[in-house]
Amino acid sequence: MKSYVIGFVLSIILTILPLVIVLNDLMSKTATIIFILIMAALQFVVQLFFFMHIRDEKKPRFNMIALIFGLVILLTVVAGSIWIMAYNVVG
């Protein structure tokens, strides 16, 4: 139960911080976007460790391997899409 409460509190903090930054215009646009992306990455890590129990497994880490593979596929699709949109010159 303690792990869930810690994860919940961290998730709330990582959600409220970007909201406060955006609503109060405390940073420039670029800094705000970078801050939101960092908070999203931290939120992802908190979700993995506190709610999906990635670290609690004693067997071979097949879940971790599947997660890494999924992230590689995701990054490939996103980077490929951005590349195609940026360099697809019709003419």
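Refer to the structure printed above.
Residues numbered from 1 in each chain as written. Predicted model: local features only at pLDDT ≥ 70, side-chain atom pairs only at ≥ 80, totals over all residues. Heavy atoms only, no water.

Draft legend 1. Region of the structure containing unusual backbone geometry. A positive phi angle, near 50 degrees, is found at aspartate 25, a position not held by glycine. As for its position among the elements, aspartate 25 is in the loop between α1 (2-23) and α2 (29-51). For aspartate 25, a relative accessible area of 66% corresponds to the exposed category. (Helix = DSSP H or I, 4+ residues; strand = E, 2+ residues; numbered from the N terminus. Buried < 20%, exposed > 50% of the residue type's maximum accessible area, 1.4 Å probe, protein only.)

Draft legend 2. Structural context of the nonpolar core. Ranked by size, the top nonpolar core spans six residues in total: Leu14, Ile21, Phe35, Met39, Val46 and Phe50. Going through the elements one at a time, α1 and α2 are the ones with two or more residues in this core. Counting residues per element, this core draws most heavily on α2, at four residues. Look past the residues within four positions of phenylalanine 35 in its chain and what remains in contact with it is Leu17, Pro18, Ile21 and Met27. (Core = buried A, V, L, I, M, F, W, Y, C linked by side-chain atoms within 4.5 Å. Contact = heavy atoms within 4.5 Å.)

Draft legend 3. Main features of the packing of aromatic side chains. For the coordinates displayed, the defined rule picks out one aromatic pair. Ring geometry for tyrosine 4 versus phenylalanine 51: centroids 6.1 Å apart, planes at 25 degrees, classification stacked. One end of the pair, tyrosine 4, is in helix α1; the other, phenylalanine 51, is in helix α2, with 47 residues separating them in the sequence. Judged by its relative accessible area of 28%, phenylalanine 51 falls in the partly exposed class. (Phe/Tyr/Trp six-rings, centres within 6.5 Å; stacked < 30°, edge-to-face > 60°.)

Draft legend 4. A nonpolar patch on the surface, seen in detail. A cluster of nonpolar side chains, Met1, Tyr4, Val5, Phe8, Val9, Ile12, Ile13, Ile16, Leu17, Val20, Leu26 and Met27, forms an exposed patch at the surface whose accessible area comes to about 1100 Å². The topology assignment puts methionine 1 in the segment before α1. Note on methionine 1: relative accessible area 77%, which makes it exposed. (Patch = residues over 30% accessible without salt bridge, like charges linked within 9 Å, V, L, I, M, F, W, Y side chains within 5 Å. Areas by Shrake-Rupley, 256 points an atom, 1.4 Å probe, with all protein chains shown as cover. Salt bridge = Lys/Arg side-chain N within 4 Å of Asp/Glu carboxyl O.)

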